[in-house]
Amino acid sequence: MSDAAPGHLWRWAAIGWLLFVICVGAHQWRFWQQDRIDTDVLALLPINEQAPDIALVTQQMADQLSRQMVVVLGTAQWQDTRAAAQQFRDQLAGQTHVPLREEAIARQTSMQAALDFYHPWRERLLTAPQREQLPKTSDVALVQQALQDLYQPGVQARLSDWVSDPLGLWTQWWTTRAAQSQARLRDGELWVAADGQQWVVLQYALTGSAFRLSGEPVLDEALQQALAQVQTSWPDARMLVAGVPLHAEVAAVQAHGEINTIGWGSLAGVLLLAWLAFRSVRPVFLVGVSLLVGTAVALSVTALLFDQVHLLTLVFGASLVGVAEDYGIHYFAARQGEPQRTPHGLMRGLLPALWLALGTSMIAYLALGAAAFPGLRQMAVFSVVGLAAAMLTVVCWFPWLDRGTVPASRVATCIGQTLSAWPRWRQAFAGSLLLCIVAGLALWQGQWLNVQDDVRQLQNASSSLVAQQRQVSEMLGLPSPAQFYLVKGSDSQEVLQREEALKERLDALVLQKQLAGYSAVSDWVPSAQRQASNAQLVEHVQKVVLQGVNVQLGESFEPAAAKPAPPLTVQAWLAQPIAAAARPLWLGEQGGVYRSMLMLRGVRGQEALPALEQAAQGLEGVTWVDKPAEISGLLQRYRISMTELLVLGHVLVLAALCLRFGRKAWRAWVPTVLASLAVVLVMAVLGMPWQLFNVLALMLLLGVGIDYGIFLQEHEDDPHAWLAVVVGAGSTWLSFGLLGLSQTPALKAFGITLMLGLPLVLVLAPLFRSPVTAKSGKA
């Protein structure tokens, strides 16, 4: 290869890349001054393209819940709790940096205002037991019940005069509505009694997005400081918290810590290995420059394409350091071995292997983007762009910036000498083929894999927060967002009617103790059809009751004449403060379709789910949604499809290798195949969970591991090429090994898989060098 002086094209490429990097630097300056880091862990989950309605509803529900937070503060005495709650409010309000706003629903909601609002429709509001029992009860029994209520008014608190509601039906309707929550209005507060204490329920909303948090425990520290102030006056005060913002903050704090650990740890490890190998500041500095440029360009391009950059993309991208440095390490290893060659001439000789290594790595990383995971697509773009930018930095700048020689080091010499002692597998083709067949049959027949597609295995919520969330839910009787019914209709009335049909089936399950209850918009706003039938039933019953009472008492009771009001509508109800608790259930109209959710309370474990799913069968416009089961099914489907894509990726990589190495291509490819099968077998034997993210990690193993085979085939017995492979493998293993320490289960699966696979590829690759007797080119 000629070592002629560099041409104008190379000079202009270096200048052009410099100008581009300057623009990236300007973009980075603006990027970090804006709030564009996303911490929503749901972004890693697959999009259900087969059920767009469910995806839409889930997103709407997530938007509603993502800013809501509940604080429950309690002491032994109610008056102490009220005073403590006010001090807690004042203390939290005084911390102006805390992005919280109290939603004083209890103070805004007046029971009298709610009674006044519903008063025109009180004859149209009946509970399910009332509708069932009134037609079956004899006229005599109804009259006796009314007389007992008349002469013993203390038996049942009344919300209207006796003549207007002799059976107390409206009072019973309100009692049923109040039973949907344990919290009650008391002295202008939401109050609940539990665990021997009197509690105040405080509701807060995050002023920004729950998934745009800074990575500092702002909310937790503010809540703990406010509680500490309260406990100076009331030492027995306790606090329970629940809400998405708290979980999001924990995830953001954890991810920021992992970025520092993985990113800086990887960088330190890479630079240390470069120093040990080359004993010079220049290689360490230039490799660091290539990594910095690669990461910056990747971040800028990802931000431009996706607007928001996911925090887990940065965590995953931090491990990219261990891959992107391969190009710089390979260059300096070659410089160390051939000091007489000019940097540009040396680079020309390395380019074919470097471009091939980049191309095969990009194939593997791009495969990540084939899944319908927004977070994984970001990771794929970040990785591909980062690798390409690091490679361009090496190609365009290193020959110009690398002035001087790279001294030999004892570490480099020792590593290089190990290649000559490494054995060559003479029967590599037949032996590796047999191993692949045996491993494949073992996996196929043995069914050893501990496949776990359950999305719950990917959760890593704070155990303390989960316990508090569960306690608050039980204390307040809150519904679970994990399972619900989606109800659709052409207009609001059709939605309400379909809800009512579903509730008739659910009432039977409540009697069977399959669930404690449910929450629906039609609880508060019956359909116009149901309102009309209720009004007819109430009118008939009241007429019978008043006539019977008049006969027995010689009175002339008559209900006051009133002009019939038009039916109660959802729109009128939504405008009232009393709708605050159930308002999130009404999803409104989109695309000519109206939607609502019916949510469940107190579901009796997993065994109740089949009956709940069956309840929706045959009801038009009603869909049972089990989000954990749905996402788990999607994870299974994508695990299978990505496994097929992994096989296709291997075929494409082998085809690319054939273009370069011809009949020897399998020698660069088989080490990665054997390492991948070995990883699967090891994890199967150890009983480790196997899931989609392990398959995606094998994609990366293909992209990273194949580079070692390429470099050893390009420079088969070159100790300096082997030095580059070992140093590159060491830094890559360090990067992904640190990724295995992540507390995020998906990233941990990546890390553990590659932690096992990378050393295997490194050990196997030298075995597949051509036998000495066949170095004429025959494989």
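Above: the structure in question.
Quantities reported herein were computed from a predicted structural model and do not represent experimental measurements. (Residues numbered from 1 in each chain as written. Predicted model: local features only at pLDDT ≥ 70, side-chain atom pairs only at ≥ 80, totals over all residues. Heavy atoms only, no water.)

**Focus on the environment of Thr137**
Mapping Thr137 onto the fold places it in the loop between helix H6 (128–133) and helix H7 (139–151). Considering only alpha carbons, one finds Thr137 and Val541, 404 residues apart in sequence, at a separation of 9.9 Å. Among the polar contacts made by the side chain of Thr137, one reaches the main-chain carbonyl oxygen of Gln133 at a distance of 2.8 Å. (Helix = DSSP H or I, 4+ residues; strand = E, 2+ residues; numbered from the N terminus. Polar contact = N/O pair within 3.5 Å; in protein donor to acceptor, adjacent residues only side chain to side chain.)

**So, the packing of helix H24 (residues 627–661) against helix H25 (residues 665–685)**
Where H24 meets H25, the closest approach of the two axes is 8 Å, and the angle between their N-to-C directions is 155°. Taken together, H24 and H25 sit at an angle that is classed as roughly antiparallel. Here His650, Leu654, Leu657, Cys658 and Phe661 of H24 come into contact with H25, specifically with Ala665, Trp666, Ala668, Trp669, Thr672, Val673 and Ser676. Residue classes in the contact of H24 with H25 are distributed as nine nonpolar, three polar and no charged. (Axes fitted to C-alpha atoms, helices over the stretch in contact; angles between N-to-C directions. Parallel < 35°, antiparallel > 145°, perpendicular 65-115°, else oblique. Contact = heavy atoms within 4.5 Å. Nonpolar A, V, L, I, M, F, W, Y, C, P; charged D, E, K, R; others polar.)

**Looking at the packing of helix H10 (residues 244–278) against helix H27 (residues 719–739)**
Direction vectors running N to C along H10 and H27 enclose 160°, while the axes themselves pass 9 Å from each other. Taken together, the axes of H10 and H27 lie roughly antiparallel to each other. Crossing hand, H10 versus H27: right-handed. Between H10 and H27, the contacting residues are Thr261, Ile262, Gly265, Ser266, Gly269, Val270, Leu273, Ala277 and Phe278 on the first element and Leu723, Val727, Gly730, Ser731, Leu734, Ser735, Leu738 and Leu739 on the second. Residue classes in the contact of H10 with H27 are distributed as ten nonpolar, seven polar and no charged. (Left-handed = near helix turned anticlockwise from the far one by under 90°.)

**Section: the environment of Ala721**
Structurally, the position occupied by Ala721 is in helix H27. Assessed through its relative accessible area of 4%, Ala721 is described here as buried. Spatially, the C-alpha atoms of Ala721 and Leu419 are 9.8 Å apart, while their sequence positions differ by 302 residues. (Buried < 20%, exposed > 50% of the residue type's maximum accessible area, 1.4 Å probe, protein only.)

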